[in-house]
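# Descriptive structure summary
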Amino acid sequence: MFLKKLHDLKNSLLFRLTLLYAVAFTVLSTIGFLVFYYRIYSVTMEHLDIELLAESEKYTVLIQDNGLEQALKTIADESELEDPAEDFYRLFNFKGDILFTTDMSAWGTIGKQEILQKLHKEGSTFSIQTLSIGERDDKARMITAIVGPNTVLQIGESLEEVDEYLDIFLQLFSILIVSLIIVSSIIGWLLARRATMDMQAVTETAEEISNGAYDRRVQIKGHLNEIERLGTTFNRMLDRIQSLLKSMKEINDNIAHDLRSPLARIRGIAEMSLLKEKDVEEYKDMAVSTIEECDTLIEMINTMLDITEAEAGVNGDTAEEFELMELIREACELFRPIAEAKKIHLKTRLPESLAVTSNRRKVQRIITNLLENAIKYTPDAGAVTVSATAQNGEVRIEFEDTGIGISQNDLPHIFERFYRCDRSRSQGGTGLGLSLVKAYTESLNGKIEVASSLNQGSRFVLQLVR
Ligand code: ADP
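Fair warning: this is a prediction, and the values are worked out from it, not measured in the lab.

## Quick look at the sheet that holds strand E11 (residues 447-453)
Reading across the sheet, the five strands line up as E7-E9-E10-E12-E11 and stay open at both edges, with mixed pairing between neighbours. Lying at the two open borders of the sheet, with one neighbouring strand each, are strand E7 (345-349) and E11. Averaged over neighbouring strand pairs, the angle between their axes works out to 10° when direction is ignored. Pairing analysis gives seven bridges linking E11 to strand E12 (residues 457-465), with the strands arranged antiparallel. Looking at the pairing, Ser 452 lines up with Ser 458 of E12. The strands touched by helix H9 (residues 360-376) are E7, strand E9 (383-391), strand E10 (394-401), E11 and E12; relative to E10, the strand with the most contacts, the crossing angle is about 20°. Strands in contact with helix H10 (residues 433-443) are E11 and E12; relative to E11, the strand with the most contacts, it is inclined by about 145°.

## Details of the sheet that holds strand E2 (residues 98-101)
A sheet is described by the order of its strands in space; here five strands give the open sequence E2-E1-E5-E4-E3, paired in antiparallel fashion. Every other strand in the sheet has two partners, leaving E2 and strand E3 (126-132) as the edge strands with one partner each. The mean inter-strand angle of the sheet, taken between neighbouring strand axes irrespective of direction, is 20°. Sheet analysis places strand E1 (residues 87-92) next to E2, joined by three bridges and oriented antiparallel. Directly across from Leu 91, in E2, lies its bridge partner Phe 100. Helix H2 (residues 13-80) contacts E1, E2, E3, strand E4 (139-148) and strand E5 (151-158) of the sheet and is inclined by roughly 45° relative to E4.

## Comments concerning the environment of Ala 54
With respect to the helices and strands, Ala 54 occurs in helix H2. Each C-alpha atom, one on Ala 54 and one on Lys 73, is 19 Å from the other, the two residues being 19 residues apart in sequence.

## Some details on the site of the ligand
In the vicinity of the ligand lie 21 residues, with Asn 373, Tyr 377, Arg 420, Ser 424 and Leu 434 positioned nearest. The side chain of Asp 401 places a nitrogen or oxygen atom 3.0 Å from a nitrogen atom of the ligand. Its free accessible area being 520 Å², the ligand has 98% of it covered by the protein chains. Put simply, the parts of the chain that give the shell around the ligand at least two residues each are H9, H10 and E12. Broken down by element, the residue count for the shell around the ligand peaks at three residues, all from H9. For the shell around the ligand, the residue count by class is ten nonpolar, eight polar and three charged.

## Some remarks on a negative patch on the surface
Residues Asp 137, Glu 160, Glu 161, Asp 163, Glu 164 and Asp 167 make up a contiguous surface patch of negative charge. Mapped onto the elements, Glu 160 comes out in helix H4 (residues 160-210).

## Some words on the pattern of salt bridges
What the rule picks out here adds up to 17 salt bridges. Salt-bridge contacts for Glu 122 lead to Lys 118; the nearest nitrogen and oxygen are separated by 3.8 Å. One end of the pair, Glu 122, and the other, Lys 118, are both in helix H3 (residues 113-122), four residues apart, so they sit about a helical turn from each other. Ionic pairing is found between Arg 136 and Asp 138, a salt bridge with its closest N-O pair at 2.9 Å. Through salt bridges with shared partners, a single network forms among Arg 396, Glu 398 and Arg 459.

## Thoughts on the packing of aromatic side chains
Counted according to the given criterion, the structure contains six aromatic pairs. On the numbers, 5.6 Å between centres and 40° between planes, the contact of Phe 33 with Tyr 37 is tilted. Taken together, the positions of Phe 33 and Tyr 37, both in helix H2 and four residues apart, correspond to about one turn of that helix. Consider the rings of Phe 88 and Trp 107, whose centres lie 4.9 Å apart with planes at 65°: the pair is edge-to-face. Of this pair, Phe 88 sits in strand E1 while Trp 107 sits in the loop between E2 and H3; the two residues are 19 residues apart in sequence, bridging distant segments of the chain. Under the relative-accessibility criterion, Phe 88 is labelled buried at 0%. The rings of Phe 33, Phe 36, Tyr 37, Tyr 165, Phe 169 and Phe 173 are connected pair by pair, giving a single aromatic cluster. Geometry around Phe 92 places Lys 112 over its ring, the cationic atom sitting 5.9 Å from the centre. Over the ring of Trp 107 we find Arg 136, and its NZ or CZ is 4.8 Å from the ring centre.

Quick notes on the rules
- Residues numbered from 1 in each chain as written.
- Predicted model: local features only at pLDDT ≥ 70, side-chain atom pairs only at ≥ 80, totals over all residues.
- Heavy atoms only, no water.
- Pairing = 2+ DSSP bridges.
- Helix = DSSP H or I, 4+ residues; strand = E, 2+ residues; numbered from the N terminus.
- Axes fitted to C-alpha atoms, helices over the stretch in contact; angles between N-to-C directions.
- Contact = heavy atoms within 4.5 Å.
- Near = heavy atom within 4 Å.
- Polar contact = N/O pair within 3.5 Å; in protein donor to acceptor, adjacent residues only side chain to side chain.
- Areas by Shrake-Rupley, 256 points an atom, 1.4 Å probe, with all protein chains shown as cover.
- Nonpolar A, V, L, I, M, F, W, Y, C, P; charged D, E, K, R; others polar.
- Patch = residues over 30% accessible without salt bridge, like charges linked within 9 Å, V, L, I, M, F, W, Y side chains within 5 Å.
- Salt bridge = Lys/Arg side-chain N within 4 Å of Asp/Glu carboxyl O.
- Lys, Arg positive; Asp, Glu negative; His and termini not counted.
- Charge placed at Lys NZ, Arg CZ, Asp CG, Glu CD.
- Phe/Tyr/Trp six-rings, centres within 6.5 Å; stacked < 30°, edge-to-face > 60°.
- Buried < 20%, exposed > 50% of the residue type's maximum accessible area, 1.4 Å probe, protein only.
- Lys NZ or Arg CZ within 6 Å of the ring centre and 35° of its normal.

Function cannot be inferred from these measures alone, as they are strictly geometric.
Pasting the structure below:
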């Protein structure tokens, strides 16, 4: 149980983000500290070297001005004040013969000739080095300087004090870094928690939805852009799923109500054929009726599938450039015989040419449906006018008729599946034409609007993106 919790924690985003933040912070602060520590160390050493050099120059001047004897006296007096384990002074000539030395018992053997040779070789008057002193833990800084003719001065100073001073820094920095790591881990944890809390909300909503609560949505708090975007996309996806579920339910209802009637009619015809003997002509009529009913049924099912596909956006539209006016003129020519049969005056007010980039098949279907309705619902000797204009990257196509019109009560429903106004029931139709028009238009990012007055006529306005 405990091991599982530990495993879960180790694999949690919260833990990993906190760890990442703390590790990144530790590495960066350690690098910063090392740079700072090195800088302090080099400044301290530079300072010490300047002191050693100043001390040796003091004796150079003394020997020059007052001679070696006086310098030896001064060095003896001054060195007496120092702890021989901390500092040493010694003077020797170029052969290595000692002229003066403090107690060197704590310092082990320190070479003379090698340093002298080095000075000669470099042509320099002094050299400063760091020494390891025999068994001792501390190190020392030592200057070897030519302070007079045939006179060399060596001053050594233990670095114990410097080490102690740097140790204090080290301790202070360690305390500081440890506290900063703790603080940064807490801050990292809080930040990561805020991010994961929002994600947690998305997960919880997803869980609720998976249990059937399709109307639940993620609360967009706007703490973090990425999570906000995830939430918005998630909600949009849910809206889509919900609308798909709604249309699936509608299809179920449609099958239950609207597809039943043609099936019942087909069954009725079949039953009639069994009731009593009929002649061949009668049987033929029955077969024709059956075929017609089947065709209607097939058309209804196909149109329903087309509507559902367009609403779900599953059938990616392939856009191509085509001459829209040509397409409208062709549709008008196709319907002209039907219009003429009803003595309907079919007029067009179209620009010479107007090209659009869209899905040709869908646009064609929208136009034929609207034109077919305009002619179908206009009584004999009426007029139907198709006009088109283009502006601001859009085309506007109007289908105006002087037909039966649509009542204000019916207007909000005419785009619903299988909705047919009472007055139009004498005309053939499935009640799916305008649903398809709407689904196709919206899938092409267009708009369809209608204005109508009963007994005066209707105007359908289609707006399409060019
Ligand atoms: P239908 O197959 O019945 O024509 P539609 O979906 O195309 O189905 O149209 C739905 C209903 O809207 C029609 O039944 C009719 O009542 C009404 N309608 C559509 N277009 C017109 C129009 N131009 N004039 C009057 N009524 C119309």
